[in-house]
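Here's the letter readout for the chains.
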Amino acid sequence: MTKPKLLITRKLRPVVEKRAARDYDVVLNHDDTVFSSEELISACRKVDAVLPCHSEHFSAEVIEAIGPGLKIIANHSVGTDHVDLAAAKAAGVVVTNTPDVLSDATAEIAMLCMLGAARRGAEGDAMVRSGQWTFWSPAFMVGRQVTAKRFGILGMGRVGQVAADRARGFGMEIHYHNRSRLPAHLEKGAIFHNTLESLLGCSDVLSLHCPVTVDNAGIISARTLALLPDRAIVVNTARGALIDEEALVAALTSGKLFAAGLDVFRVEPVGNPALAALPNVFLLPHIGSATEETRDAMGMRALDNLDVFFAGEDPGDRVA
Ligand code: DGY
């Protein structure tokens, strides 16, 4: 039987590429070069399936230009904001993602961002690394302790729930806002807020764990930042577009916020130079799911979705 033709847009873990090559007529990107829109369109026209990352953008125009040959976009990501789902649906292209398998890794990065921000990790690292650590005093590099503080979660989905568990380990009180309240066995005593405004008012640390949509882009703005307790900490391991970065810079500069820990930005790669210039920001380059275990699991999950699709069934992780 002829194997379906599969394009894998970025370099994946060897075990994943090996399985893909066994089961598909696979086109790999050995050099891990980033596709332009034109290159993406041209490469996708030649295959039945594509396994992309969030770095490839499938806008309505791109999907239309690819045409009818492409049957499935099996994402190597839980986020699907890089794909116009309505356009894919209208074009009859199935779209899947990789939920669950990256929740632990992403929640770990949220903790790193929280602690890096609260304990001035970026400043301390830069000082020691640059040879400028020439002084010590009890008044030196004093940060904020998270123990017994309130951890506010926007988006209590899979990642948010694991982040809550990790924050409980630091003795934090968990608050959350979500479209709907969780059942008690998932809530585990966390305090539900039925409005964002109510959550913000009691978030000593605000951690974002919701997908970005047209409705919530820029939800963390000058108005909503003002509702946080003074000297709060903002953590974002979800998507950069959730935050108005100019407003965040202003809140960090004025002292309204103590610090921020950010793994994601509006412009990626690169980030935001105005944020990078501030000492009270702990920065990472979108590595929330970048562990060996999780990258393997994401690749396998994307391949599982393809296998189910090409067996003529509906993949469990179908989002369009
Ligand atoms: C995701 O899975 O959405 C992560 O951000 C990595 O792409």
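Preceding block: the structure.
None of these values were measured; they are calculated from a predicted model.

Student: Any details on the pattern of salt bridges? Residues and values, ideally.
Tutor: Applying the stated rule across the entire model yields 21 salt bridges. The partner of Asp-100 in a salt bridge is Arg-301, and the shortest N-O contact between them spans 3.1 Å. Residue Asp-100 is located in the loop between strand 5 (94-96) and helix 5 (103-118), and its partner Arg-301 is located in helix 13 (residues 292-310); the two are separated by 201 residues in the primary sequence. Given the relative accessible area of 38%, Asp-100 is considered partly exposed. Measuring nitrogen to oxygen at the nearest pair gives 3.0 Å for the salt bridge that ties Asp-204 to Arg-150. With Asp-204 in the loop between helix 9 (196-201) and strand 9 (205-208) and Arg-150 in strand 6 (residues 150-154), the pair connects residues that are 54 residues apart, well separated along the chain. Residue classification places Asp-204 among the buried positions, given a relative accessible area of 12%. A relative accessible area of 26% means that Arg-150 is categorised as partly exposed. Through salt bridges with shared partners, a single ionic network connects Asp-100, Arg-158, Arg-301 and Asp-317.

Student: So what's going on with helix 11 (residues 245-254)? Residues and values would help.
Tutor: Regarding helix 11, the residues found buried are Glu-245, Ala-247, Leu-248, Val-249, Ala-251 and Leu-252. Buried positions along helix 11 lie against helix 10 (222-225), strand 10 (232-236), strand 11 (257-262), helix 12 (273-276) and strand 12 (281-283). For helix 11, the N-terminal capping position is held by Asp-244, with its side-chain oxygen 3.1 Å away from the main-chain nitrogen of Glu-246. Backbone geometry just after helix 11 places Gly-255 at a positive phi near 95°.

Student: Give me the environment of Val-93: which residues, what numbers.
Tutor: Along the chain, Val-93 turns up in the loop between helix 4 (85-90) and strand 5. Since its relative accessible area comes to 4%, Val-93 is described here as buried. Along the chain, Val-93 and Gly-69 lie 24 residues apart, while their C-alpha atoms are 9.3 Å from each other. In contact with Val-93, not counting residues within four places along its chain, are Leu-70, Lys-71, Ile-72, Ile-73, Ala-88 and Ala-320.

Student: So what's going on with the site of the ligand? Residues and values would help.
Tutor: Lining the immediate surroundings of the ligand are His-54, Ser-77, Val-78, Gly-79, Leu-102, Arg-239, His-286, Ser-289 and Met-298. Interatomic distance of 2.7 Å between a backbone N/O atom of Val-78 and an oxygen atom of the ligand. Within the contact set of the ligand, an oxygen atom lies 2.7 Å away from a side-chain nitrogen or oxygen of His-286. Protein contact buries 90% of the 230 Å² of open area that the ligand shows by itself.

What counts as what
- Residues numbered from 1 in each chain as written.
- Predicted model: local features only at pLDDT ≥ 70, side-chain atom pairs only at ≥ 80, totals over all residues.
- Heavy atoms only, no water.
- Salt bridge = Lys/Arg side-chain N within 4 Å of Asp/Glu carboxyl O.
- Helix = DSSP H or I, 4+ residues; strand = E, 2+ residues; numbered from the N terminus.
- Buried < 20%, exposed > 50% of the residue type's maximum accessible area, 1.4 Å probe, protein only.
- Contact = heavy atoms within 4.5 Å.
- Polar contact = N/O pair within 3.5 Å; in protein donor to acceptor, adjacent residues only side chain to side chain.
- Near = heavy atom within 4 Å.
- Areas by Shrake-Rupley, 256 points an atom, 1.4 Å probe, with all protein chains shown as cover.

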